[in-house]
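Descriptive analysis of the structure
Okay, here's what each chain looks like letter by letter:
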Amino acid sequence: MEIFQGVLSGFQVALQPINLLYCFVGVFIGTLVGVLPGLGPAAAIALLLPSTFAASPVSAIIMLAGIYYGAMYGGSTTSILVNIPGEAASVVTCLDGHAMARQGRAGAALGIAAFGSFIAGTLSVVILTFLAPFLARVTLSFGPPEYFALMVLGLTLLTYFARESTVKALMMAAVGLLCGTVGQDTISGRFRFAFGSRTLEDGLGLVPVIMGLFGISEVLLNLERRQEHTELFAPPTTGLLPTREDWRMSTMPILRGSVLGFFLGILPGAGAIIASFASYAVEKRASRHPERFGAGAIEGVAGPEAANNAAAGGAFIPLLTLGIPANAVMAILLGALMIHGLQPGPLLVKQAPDVFWGIITSMYIGNAMLLVLNLPLIPMWARLLRVPYAIMFPFILLFCLIGAYSVGNNVGDGLVMWVFGIVGYLLKKFDYEGAPLILAMVIGPMMEEALRQSLILSTGSFGIFASRPITAGFLLVSALLLLLPLLRRTRQTARA
Amino acid sequence: MPRDLVSGLFWLAVAIFAAVQGISLELGSLSRPGPGFFPFWGGVVLGLLSVVLIVGSLRREAPRSRIRPDSSKPLVVVAALLGYLLLLESIGFVAVTFLFLLLLFRLEQRGWAFSAVSAGVGAFASYVLFQLWLKTQLPTGPLGF
């Protein structure tokens, strides 16, 4: 009954006209960001964060969250029509989505992507509604040692899911942890790695770092790539509604994708990208005609598009119940909540139930808005895709510059973004991933505090991590995850 | 030189720097970890991982170098971004934005007239959007905008 009341009060918040407006603006911008290749949701949310300072905390988070799941809808449009992912989580949609477009079935592909996204988005919010308050109650008893162990597990999982080498992912996590120590030490009050700079004394800002790593560096890489010839299919104005046969083939993939996506979304670092790939693999294996995949199988669009949307919902679980972000977008939302004076974590549901439930219920409304909005607007998005990159990229850069500057009206933040833009560009060149760095940088200060508090509690004994069952369990799983790839490799070399 | 060797050596240097800084910041004791505790151990872990990467890169054959993409455009953009930030507070938002956009449109071989007009419109539109509508506090130049 508690949940029922919560949902009811949440709708009272989310249905206020001002919040409906913020939700609409959020999902609209989100779709735009999803459609446009080269500007991801993380950079976009970082960019718009300063513009929400004047709004109430609930309105701000409702809008920023809308950008995130809205981008999951928009990404599929570009994948299907242009064969370029508008957004990283829509990479797999290119395979069968574009193949369908080439066969003249772009309408069905766009339609099933939108419906699949809607169903999965809604299902994942339903799971979130029931799971989040329950988990918040469980995690309420966590002390510093549990938090430390959990964050170790989080970082381990993150590197476990890394696409490039594990060593490099671990290195990025270590670099991120070091980046997190820049600024004033919360326990002793001393400045670290500040070198007398006022900007660095406040610590590296999350917004400039993310815009550098994911915004600026992306533009630099795009400029370098030779512009390949792309064919843009004229957007269909009719036939967006999938046929009964389409539905029959897509229902199970959508449902499987929803559940898979939600639970992968909870895991740090896995998120929407892994979820979409996993769903594609599952559907291909489950299909009686796997050879159709890649040649325009509608299941190959329905499943992954459902999965990436469900993952966006799942990602809210660690943020709302633990105060730990699962990906870069959640890291900014965490920052946004804290700027507005709220402490995300198990206490949020008790201390600010209107915020907690308002955010969750706004996602039901946002998903419905997206479905209604998206199908009629597809021709408009397609026209937008005809704007050449030569016109678009100077504006993306300009918006990043303004965004970084306006966080604190400080040119120093712009310079931080500039440095991380170059760093991000070089990381790509040398096959490193930026995601573990960002996450470790956000978790770093929390992790350091938890570790130091645990050691103070135990007067310097590491036994505190072994004697508490939950803590020991988390650490054991982390150790296994780290050792597993190593064992597999040695067995392979032994066999060879 | 293998690429992993290059990046591995770079991160090793960063790691040593962090660890040394950590020591000078005070490590504290285990029961009372100081401000240098985390940077020091973070540096140690990063250093060990870098060594693993370096050793691995030496044992494997160096992969054939890929075709070098043309990096001149990114270089111009990086310089333009820095110039924007350095000039922003002295000549003001509108002027620096105009110059920035003009340069980047020219970079993609758009004509002078087209570039100048688009840069002008872009600078004005972003001024209206951010300064007047979103109320961002953008720096003004000597002419008052």
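Rules behind the numbers
- Residues numbered from 1 in each chain as written.
- Chains lettered and ligands numbered in written order.
- Predicted model: local features only at pLDDT ≥ 70, side-chain atom pairs only at ≥ 80, totals over all residues.
- Helix = DSSP H or I, 4+ residues; strand = E, 2+ residues; numbered from the N terminus.
- Rg over C-alpha atoms; globule rule 2.2 N^0.38 Å.
- Buried ≥ 20, exposed ≤ 12 C-beta atoms within 10 Å, placed from the backbone.
- Contact = placed C-beta atoms within 7 Å.
- Expected span 1.5 Å × (residues − 1).
- Core = buried A, V, L, I, M, F, W, Y, C linked by C-beta atoms within 7 Å.
- Domains from an automatic or database assignment.
- Nonpolar A, V, L, I, M, F, W, Y, C, P; charged D, E, K, R; others polar.
- pLDDT = per-residue confidence, 0-100.
- Axes fitted to C-alpha atoms, helices over the stretch in contact; angles between N-to-C directions.
- Parallel < 35°, antiparallel > 145°, perpendicular 65-115°, else oblique.
- Left-handed = near helix turned anticlockwise from the far one by under 90°.

1. A short note on the overall build of chain A
- If you tally the helices and strands in chain A, you get 22 helices and two strands.
- On C-alpha atoms alone, chain A measures out to a radius of gyration of 22 Å, which is about the 23 Å that the 2.2 N^0.38 rule sets for 496 residues.
- With respect to the three principal axes, the spread of C-alpha positions in chain A is 70 × 60 × 55 Å.
- By the burial criterion, 60% of the 496 residues in chain A qualify as buried.
- The long-range share in chain A, meaning contacts at least 24 apart out of those at least 6 apart in sequence, stands at 79%.

2. What about the overall build of chain B?
- Within chain B, the regular secondary structure consists of five helices and zero strands.
- In chain B, the order of α-helices and β-strands from amino to carboxyl end is α-α-α-α-α.
- By the burial criterion, 32% of the 145 residues in chain B qualify as buried.
- Relative to all contacts within chain B whose residues are 6 or more apart in sequence, the contacts with residues 24 or more apart total 55%.

3. What about helix α5 (residues 112-133) of chain B?
- Here α5 of chain B contains 22 residues, and its C-alpha end-to-end distance of 30 Å stays within 8% of the 32 Å for a straight helix at 1.5 Å per residue.
- Considered for burial, the residues of α5 of chain B that qualify are S115, A119, G122, A123, S126 and F130 of chain B.
- Where α5 of chain B is buried, its residues contact α18 (389-408) of chain A together with α4 (93-107) of chain B.

4. What to know about unusual backbone geometry
All names here are of chain A.
- Backbone geometry at D431 places phi at a positive 60°, although glycine is not the residue there.
- For D431, the location among the structural elements is in the loop between α19 (411-429) and α20 (435-457).
- Residue D431 is classed as partly exposed on the basis of its C-beta count, with 13 C-beta atoms lying within 10 Å.

5. What about the nonpolar core?
- I45, I61, I210, M211, I332, L333 and I438 of chain A are the most contacted members of the largest nonpolar core, which has 209 residues in total.
- Inspection of this core shows a minimum of three residues originating in each of domain 1 (3-59) and domain 2 (72-133) of chain B.
- Those residues in contact with I438 of chain A, other than ones at most four positions away along the chain, are G176, V209, I210, L213, A328 and A331 of chain A.

6. A closer look at the interface of chain A and chain B
- On the side of chain B, 50 residues touch chain A, which itself brings 42 residues to the contact.
- Where the side of chain A that touches chain B is concerned, the elements lending two or more residues are α8 (166-180), α10 (206-224), α18, α19 and α20 of chain A.
- Classifying every residue of the side of chain A that touches chain B gives 26 nonpolar, eight polar and eight charged.

7. A closer look at the environment of A450 of chain A
- Tracing the chain through its elements places A450 of chain A in helix α20.
- Note: C-alpha distance between A450 of chain A and A149 of chain A (301 residues apart in sequence) is 9.1 Å.

8. Section: the confidence of the model for chain B
- Per-residue confidence for chain B gives a mean pLDDT of 83, with 88% of residues at or over 70.
- Confidence metrics for the complex model read pTM 0.82 and ipTM 0.89.

9. Here's the deal with the domain arrangement of chain B
- Taken domain by domain, chain B consists of domain 1 (3-59) and domain 2 (72-133).
- Using C-alpha coordinates to define each centre, domain 1 of chain B is positioned 40 Å away from domain 2 of chain B.

10. Some remarks on the environment of M447 of chain A
Residues and elements named next belong to chain A.
- Along the chain, M447 falls in helix α20.
- Sequence separation of M447 and G180 is 267 residues, and the distance between their C-alpha atoms is 9.8 Å.
- Leave out the neighbours within four places in its chain, and M447 touches F148 and M151.

11. Observations regarding the packing of helix α12 (residues 271-286) of chain A against helix α13 (residues 299-314) of chain A
Residue and element names in this part refer to chain A.
- In the contact formed by α12 and α13, the axes pass within 8 Å of each other and the chain directions differ by 150°. Accordingly, the angle class assigned to the pair α12 and α13 is roughly antiparallel. At the point where α12 passes α13, the crossing takes the right-handed sense. Where α12 abuts α13, its residues G271, A272, A275, S276, A278, S279, Y280 and E283 lie against E299, G300, G303, P304, A306, A307, N308, A311 and A312.
- Broken down by class, the residue content of the contact of α12 with α13 amounts to nine nonpolar, six polar and two charged.

12. Brief notes about helix α15 (residues 328-339) of chain A
Residue and element names in this part refer to chain A.
- The end-to-end C-alpha separation of α15 is 17 Å, in line with the 16 Å expected for 12 residues at 1.5 Å each.
- Of all 12 residues in α15, 10 are buried; the element is thus mostly enclosed.
- By the burial criterion, the buried members of α15 are A328, V329, M330, A331, I332, L333, L334, G335, A336 and L337.
- Next to the buried residues of α15 lie α3 (41-48), α4 (57-82), α10, α14 (316-322) and α20.

13. Side note on the packing of helix α7 (residues 144-160) of chain A against α20 of chain A
All names here are of chain A.
- The interhelical angle for the contact between α7 and α20, taken along N-to-C directions, is 150°, at an axis separation of 8 Å. Relative to α20, the element α7 is oriented roughly antiparallel. Read as a crossing pair, α7 and α20 show a hand that is left-handed. Along the contact surface, α7 presents P144, P145, Y147, F148, M151, G154, L155, L158 and T159, while α20 presents P436, L439, A440, I443, M446, M447, A450, L451, Q453, S454 and L457.
- Here the residues of the contact of α7 with α20 sort into 16 nonpolar, four polar and no charged.

14. Structural notes on the environment of G473 of chain A
Residue and element names in this part refer to chain A.
- With respect to the helices and strands, G473 occurs in helix α22 (residues 469-495).
- For G473, a count of 13 C-beta atoms within 10 Å corresponds to the partly exposed category.
- As a C-alpha pair, G473 and A149 span 324 residues in sequence and 8.6 Å in three-dimensional space.

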